[in-house]
Amino acid sequence: MTTQTSATCAPRLSFVNRFLTLWIFLAMGIGVGLGYFVPQVAPRHKLSVGTTSIPIAIGLILMMYPPLPK
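Fair warning: this is a prediction, and the values are worked out from it, not measured in the lab. (Residues numbered from 1 in each chain as written. Predicted model: local features only at pLDDT ≥ 70, side-chain atom pairs only at ≥ 80, totals over all residues. Heavy atoms only, no water.)

1. Digging into the overall build of the protein chain
Within the protein chain, the regular secondary structure consists of four helices and two strands. Along the chain direction, N to C, the helices and strands of the protein chain fall in the order α-α-α-β-β-α. Of the roughly 6900 Å² of accessible surface on the protein chain, 72% is carried by carbon and sulfur atoms. (Helix = DSSP H or I, 4+ residues; strand = E, 2+ residues; numbered from the N terminus. Areas by Shrake-Rupley, 256 points an atom, 1.4 Å probe, with all protein chains shown as cover.)

And the structure:
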C-alpha cells in the first residue's frame, strides 16, 4: 500500500487560474498601450460619478463579494 502526499492529493489549478498574474499584467499593459497609442480612448468620463469610476467600483464589489458570504 502506498501513501500519497498532500501535494498529489490537491486539485490542480485551471489554466486561467494558474496564469492569473500574467492575465492581470497583460490587461494592464493593453490598457496602458491603448491609452498611449490611441489617445481617443482615454478621455471617457461618462462612466464616472464625481470622482468615482463606476467600472472600478463594480469590479471591486464583485471581487469583494465571494469572501463576504463566508
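2. Quick word on the packing of aromatic side chains
Under the counting rule described, the total for this entry stands at three aromatic pairs. Residues Tyr 36 and Phe 37 carry aromatic rings whose centres are separated by 4.9 Å and whose planes lie at 85° to one another, so their mutual orientation is edge-to-face. The exposure class assigned to Phe 37 is exposed, which follows from its relative accessible area of 66%. Three or more aromatic residues joined by ring pairs make a cluster, and in this case those are Phe 15, Phe 19 and Trp 23. (Phe/Tyr/Trp six-rings, centres within 6.5 Å; stacked < 30°, edge-to-face > 60°. Buried < 20%, exposed > 50% of the residue type's maximum accessible area, 1.4 Å probe, protein only.)

3. Some thoughts on the confidence of the model for the protein chain
Detailed reading of the predicted coordinates is not advisable wherever pLDDT is low. In the predicted model, the protein chain carries a mean pLDDT of 80, and the fraction of residues at 70 or more is 79%. When the elements of the protein chain are averaged for pLDDT, helix H1 (residues 6-9) gives the smallest value, 59, and helix H3 (residues 20-37) the largest, 90. (pLDDT = per-residue confidence, 0-100.)

4. Examining the environment of Leu 47
As for its placement among the helices and strands, Leu 47 is situated in the loop between H3 and strand E1 (48-49). Excluding residues that lie within four positions of it along the chain, Leu 47 makes contacts with Thr 52, Ser 53, Ile 54 and Pro 55. (Contact = heavy atoms within 4.5 Å.)

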